[in-house]
Amino acid sequence: MDDDPVTCAKVKAYFEHEGYVVHVAANGDDMWERLGQHKIDAVLLDVGLPGRDGLELARQLRARDASIGLILVSGRNDDVDKIVGLESGADDYVTKPFNSRELLARVKIVLRRQRPGPAPSCPGELRFGSWILDVAKRRLTGVNGRQQVLTRGEFDLLASLARQPGVSLDRERLMQTVFHRSWDPGDRTIDVLIARLREKLEADPRHPQLIITVRAVGYMLADGACSP
């Protein structure tokens, strides 16, 4: 969704040439109407929409549908903007001007996460702390039966850590696993996802006991094991 008709037309033409069905919306009301009329797998949402704030729309969309792919598009390249965008529940953040081929590649990554992947090397449920992660069903449940909603990025990152409890994983490896691209030292995407996971999983996010920071390396799941 973008308020620039030229940008919309170019993206629509390129994606349709690649075999995708594309619906265009110029504002928030149009977006909700399209979502009600069609089965949408992924949304490209411009942050700088006139009228209704794009980030607020992103939060509303994520609250309404935890599984839909959501990529934010913005003309601002500031790290703070990227972090705020990811905290709104987006799976990825793309800055203008963007390359159509790169945009398509990122959409493919988001869509690929919606399909069942190969069986994990550690079969069954992954258990850590008071949580149970069902990789096949992409579901996180507390021992009390309460289900915790995760974005795709959060789930994939948590699954990577949970498959190797007690092993320190650096940001480069985690970035490749979650977003299939290289990590830049100035990119705080992984750190933002970790902070969001701690808010959802830890009893006290300020003093994490599950997802541990390994100084000068990355992160590690402190306690976890595969179910028998």
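Residues numbered from 1 in each chain as written. Predicted model: local features only at pLDDT ≥ 70, side-chain atom pairs only at ≥ 80, totals over all residues. Heavy atoms only, no water.

A.B. asks: Honestly, the nonpolar core in this entry has me stumped. Any pointers?
C.D. replies: Across soluble globular proteins, nonpolar side chains have a tendency to be buried as a group. Of all hydrophobic cores here, the largest spans 27 residues; its most connected members are Phe-128, Leu-133, Leu-140, Leu-158, Leu-161, Leu-201 and Ile-211. Of all elements in the fold, only strand 4 (126-128), strand 5 (131-134), helix 6 (152-162), helix 7 (171-179), helix 8 (189-201) and strand 10 (218-221) reach the threshold of two or more residues within this core. If you tally residues by element for this core, the top one is helix 6, at six residues. Counting 18 residues, the second largest nonpolar core, distinct from the first, contains Leu-35, Leu-49, Leu-57 and Leu-70. (Core = buried A, V, L, I, M, F, W, Y, C linked by side-chain atoms within 4.5 Å. Buried < 20%, exposed > 50% of the residue type's maximum accessible area, 1.4 Å probe, protein only. Helix = DSSP H or I, 4+ residues; strand = E, 2+ residues; numbered from the N terminus.)

A.B. asks: Explain helix 2 (residues 28-37) to me, please; I cannot follow it from the model alone.
C.D. replies: Working note: α-helix, 3.6 residues per turn, so residues spaced by three or four point in the same direction. Buried within helix 2 are the following residues: Gly-28, Met-31, Trp-32 and Leu-35. Down the axis of helix 2, the sector holding all buried residues measures 95°, keeping them to one side. Those residues of helix 2 that are buried are in contact with strand 1 (42-46) and helix 3 (54-64). (Arc of directions from axis to C-beta. Contact = heavy atoms within 4.5 Å.)

A.B. asks: Would you mind showing me how to read the side chain of Arg-198 here?
C.D. replies: Looking at the element boundaries, Arg-198 is found in helix 8. Look at Arg-198: it is buried, it has no salt bridge, and the nearest opposite charge is Glu-202 at 4.8 Å. Beyond its immediate stretch of four places on either side in the chain, Arg-198 contacts Pro-205, Pro-208, Ile-211, Ile-212, Thr-213 and Tyr-219. (Lys, Arg positive; Asp, Glu negative; His and termini not counted. Salt bridge = Lys/Arg side-chain N within 4 Å of Asp/Glu carboxyl O.)

A.B. asks: Hey, could you run me through the confidence of the model for the protein chain in this one?
C.D. replies: Atom-level detail of predicted coordinates should not be read off regions where pLDDT is low. The share of residues in the protein chain with pLDDT of 70 or more is 89%, and the mean pLDDT across the chain is 83. Counting interchain partners and residues more than four positions distant, the pLDDT-below-50 stretch residues 116-121 has two contacts. (pLDDT = per-residue confidence, 0-100.)

A.B. asks: Got a minute to help me understand the packing of aromatic side chains in this structure?
C.D. replies: The description of two aromatic rings rests on the distance between their centres and on the angle between their planes. Scanning the entire structure with this criterion turns up two aromatic pairs. When the ring of Tyr-14 is compared with that of Phe-15, the centres are 6.2 Å apart and the planes differ by 70°; the resulting orientation is edge-to-face. Note on Phe-15: relative accessible area 6%, which makes it buried. Linked through ring pairs, Tyr-14, Phe-15 and Tyr-20 together constitute an aromatic cluster. (Phe/Tyr/Trp six-rings, centres within 6.5 Å; stacked < 30°, edge-to-face > 60°.)

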